[in-house]
Amino acid sequence: MVEKSFRISPETINKIIKDFHSEMSAGLSGRKSSLAMIPTFASMPTGSETGRFIALDLGGTNFRILEITLGGRGRISIPAQHRFRLKTRDITGTQKQLFGFIAASLKRFMLANKIGAGEKILLGFTFSFPVRQTNISNGILLSWNKGFSAKNTVGKDVVQLVNKALKRKGLHNIKIAALINDTIGTLVTKRYSDPGCDLGVILGTGTNAAYPEKKMGEMAINIEWGNFNRLPRTIYDRKMDATTPNPGRQTLEKMVSGMYLGELARLIFSDMTNKKILKPWEFTTTHLSLAESDISRRLGGIARLLKGLGAPSLTYADRLLMKRICGMVSARSAQISAAAIVAVILRIDPGLKRGHTVAIDGSLFEKWPKYRSHIKSSLVAILKEKARKISLALTQDGSGKGAAVVAATASNS
Ligand code: ADP
Ligand code: MG
């Protein structure tokens, strides 16, 4: 019964792709849509851009600063990088504290790596929070998330805030040439060496994607696909959604990404067995992937995993059920990711006349081999032999490298 409700038929997949297309069109033309389709003002690199850049990456667990050189012919290197621990007081204090911390870290980084105060330096800023942009080098913060809450910042242009902080620290030679997010970074990083790349996808804690829109002069569009909502939900999806801080939002993300899959499996298991052996949200997607790939004869891997969580190791039959639940949750996630990928590629190239590289970053794709093969088999199920036209490429550190690539394209044009 439950397994059936988690299997999406080929007809439904085709309907999802069609609906995805109409939501994309609606979003692009400013009509009501679950897809925001945000213009990012980032254009595509040719691969021949060169130069030395600094990239800032804010929006994950750490704040990073990277020195990046673009060598032309698609080569990107990182001569120096440093991670700065974000302290709660820096990210939840005043605006001055947060941006002062960014500027002070940059000053330290430049001194430590002998990056001159005399030369003019172009900087790319990956800022993975919702912003509204009117050009490539501005961005009004719409809201904070991920534990950030620096006061007096929402509604302000974060590029200006960094600039002001740099001036206060006496850093006058730095020009912020581009503001991007991690999906744009992933897209342009791969595109720099592969002109056939026209989709960047994040499959990690959350999920999102970006692609160059022909109707807008190949400008990168941030789809915000995590919010796509024309999907068949089960009672478990609804049950989990109700316990999140943003019920009714991010429907696709909640069926696909790492933040949610483990909890979804836990809910199904406790409902089917009436065994409440795990606390809400403690069964993560990493646990789910381990359980799904346990091939030991008596499922000893699952027993050990449960023990590690302080739970009873269950009967063999229950462990088998848990494995099946994890398998169906992850297969559905990959099926939906594949449908979204196909939808965007078909918008770009309806007849699939040429090859397309999809740049993907995030632990679901990187650290979970079975997930990758689920996506591949879903692509084949949807496109048959034409699935060969789509290649999936792990693209790491787009949030670092991509900022430099966009800074280079923005300053060269
Ligand atoms: P972020 O999206 O924050 O940059 P990641 O790309 O590392 O971070 O994704 C983190 C998510 O990936 C978490 O939800 C975690 O549970 C999940 N995850 C990490 N490792 C694995 C794994 N080996 N298998 C499945 N999921 C994993
Ligand atoms: Mg990431």
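What counts as what
Residues numbered from 1 in each chain as written. Chains lettered and ligands numbered in written order. Predicted model: local features only at pLDDT ≥ 70, side-chain atom pairs only at ≥ 80, totals over all residues. Heavy atoms only, no water. Salt bridge = Lys/Arg side-chain N within 4 Å of Asp/Glu carboxyl O. Helix = DSSP H or I, 4+ residues; strand = E, 2+ residues; numbered from the N terminus. Buried < 20%, exposed > 50% of the residue type's maximum accessible area, 1.4 Å probe, protein only. Contact = heavy atoms within 4.5 Å. Domains from an automatic or database assignment.

Engineer: Help me understand the pattern of salt bridges in this model?
Structural biologist: Side-chain pairs of opposite charge can arise where the charged atoms are in close proximity. One pass over the full model with this rule turns up 17 salt bridges. The partner of Asp241 in a salt bridge is Lys254, with the nearest N and O atoms 2.6 Å apart. With a gap of 13 residues between them, Asp241 in helix H7 (residues 235-242) and Lys254 in helix H8 (residues 251-256) connect regions that are remote in the sequence. As far as burial versus exposure is concerned, Asp241 and Lys254 are alike and both buried. For Glu282, the salt bridge identified is with Lys279, shortest N-O distance 4.0 Å. One salt-bridge network, held together by shared partners, links Lys15, Asp19, Glu23 and Arg230.

Engineer: What am I meant to see in the environment of Ile65 here?
Structural biologist: The topology assignment puts Ile65 in strand S3 (residues 62-71). In sequence terms Ile65 and Ile54 are eleven residues apart; their C-alpha atoms lie 7.1 Å from each other. Apart from the residues lying within four places of it in its own chain, the contact partners of Ile65 are Ile54, Ala55, Leu56, Ala80, Gln81, His82, Phe84, Ser105, Leu106 and Phe109.

Engineer: How do you make sense of the domain arrangement of the protein when you look at a structure like this?
Structural biologist: A common way to express how large an interface is: the accessible area buried when the components associate. Each assigned domain of the protein is listed with its residue range as follows: domain 1 (2-37 + 196-394) and domain 2 (50-180). Once you take the C-alpha centre of each, domain 1 and domain 2 turn out to be 31 Å apart.

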